[in-house]
Every structure is written in C-alpha cells, then in structure tokens.
Amino acid sequence: MAKPKVRIVFCEGCKWALRAGWYAQELFSTFHGKLSSVELVVGESGQFQVWLDDTRLWDRKVDDGFPDAADLKRRIRDAFAPDVSLGHCDLPERGE
C-alpha cells in the first residue's frame, strides 16, 4: 500500500508560510516513516487547507481558523491509520 501524501495549501501574502512549515515539521515528527511527503503549496488569498491525498481534512474558512496541532494529527491519523497511537494527543482535552 502506498504511503499517503499531505498537502498544505497556504496564502503566501498572508504570511502563513512559517505556520505551514511548522505543521509540516509536526506531521513528519509524528508520522515518521508513514507519510510519503508533506508538500507546501502556495494558494489563493486567505486560503489555508490541509489535504491527505485527495481528501480535504481542514479548511480555515470552513473550520473557523487554524487547526490545533493535536486535532490535525488526529484527523490525519483517523483517515489513514486509525490504529496508530498519538500518545498525549489521544488524551481527552481538559473539560471534556
């Protein structure tokens, strides 16, 4: 089975390249050896989306802002490897 590819589409004019790069680093650290790539793509004005292959997992405009890193990791994990433990990211958040 081919390893999935993550694509982070971001608005360069909004200065979100650093944010996109940080998410990429977090995903590489968490899913070490399980992803084929994490691609950073310059998108349209105001755009920030995260895709796993052809499935959009996050859209800033639809999901009201930027994802919490733990939430993004859970969405990616749940989409392609639900049996993978995310350690502290799997713990319930305070107040739940």
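See the structure above.
These lines cover the structure that appears in this document, whether it is placed above or below. Fair warning: this is a prediction, and the values are worked out from it, not measured in the lab.

1. Section: the sheet that holds strand S1 (residues 5-10)
Here is step 1 of the chain: Pairing is mixed in the open sheet, where four strands are placed in the order S2-S1-S3-S4. Looking at strand neighbours, the two that pair on one side only are strand S2 (37-42) and strand S4 (55-59), the edges of this open sheet. Going across the sheet, the axis of each strand differs from the next one's by a mean of 20 degrees, ignoring polarity.
Here is step 2 of the chain: Alignment of S1 against strand S3 (residues 48-52), held across five bridges, turns out to be antiparallel. If you follow Arg7 over to S3, its bridge partner there is Trp51.
Here is step 3 of the chain: Along the sheet, helix H1 (residues 17-30) contacts S1, S2 and S3; its crossing angle with S2, the most-contacted strand, is approximately 170 degrees.
Here is step 4 of the chain: In the packing of helix H2 (residues 69-80) onto the sheet, contacts are made with S1, S3 and S4, and the angle to S4 comes to roughly 170 degrees.

2. Details of the nonpolar core
As a rule of thumb, nonpolar side chains are buried together in soluble globular proteins.
Here is step 1 of the chain: Val6, Ile8, Phe48 and Ile76 are the most contacted members of the largest nonpolar core, which totals 23 residues.
Here is step 2 of the chain: Secondary structure elements with two or more residues in this core: S1, H1, S3, S4 and H2.
Here is step 3 of the chain: At four residues, H1 tops the list of elements feeding residues into this core.

3. A short note on the pairing of S1
Here is step 1 of the chain: Bridge analysis of S1 against S2 gives six bridges, and the strand direction is parallel. Looking at S2, one finds that Ile8 is bridged to Leu40.
Here is step 2 of the chain: In this view, the connection linking S1 to its parallel neighbour S2 by way of H1 has right-handed handedness.

4. A word on the pattern of salt bridges
A side chain of one charge can pair with a side chain of the opposite charge when the charged atoms of the two come close.
Here is step 1 of the chain: Inspection of every chain in the model, using the stated rule, returns six salt bridges.
Here is step 2 of the chain: Across the pair Asp59 and Arg56 runs a salt bridge whose closest N-O atoms are separated by 3.4 Å.
Here is step 3 of the chain: On the basis of relative accessible area, Asp59 is assigned to the buried category, the value being 7%.
Here is step 4 of the chain: Across the pair Arg75 and Asp71 runs a salt bridge whose closest N-O atoms are separated by 3.5 Å. You can see Arg75 and its partner Asp71 sitting in helix H2, four residues apart, about one turn around the helix.
Here is step 5 of the chain: Note on Arg75: relative accessible area 27%, which makes it partly exposed.
Here is step 6 of the chain: Looking at Asp71, the relative accessible area reads 21%, which means it is partly exposed.
Here is step 7 of the chain: Through salt bridges with shared partners, a single network forms among Asp63, Asp71 and Arg75.

So, how was this worked out
Residues numbered from 1 in each chain as written. Predicted model: local features only at pLDDT ≥ 70, side-chain atom pairs only at ≥ 80, totals over all residues. Heavy atoms only, no water. Pairing = 2+ DSSP bridges. Helix = DSSP H or I, 4+ residues; strand = E, 2+ residues; numbered from the N terminus. Axes fitted to C-alpha atoms, helices over the stretch in contact; angles between N-to-C directions. Contact = heavy atoms within 4.5 Å. Core = buried A, V, L, I, M, F, W, Y, C linked by side-chain atoms within 4.5 Å. Buried < 20%, exposed > 50% of the residue type's maximum accessible area, 1.4 Å probe, protein only. Right-handed = clockwise from strand over helix to strand, strands pointing away. Salt bridge = Lys/Arg side-chain N within 4 Å of Asp/Glu carboxyl O.

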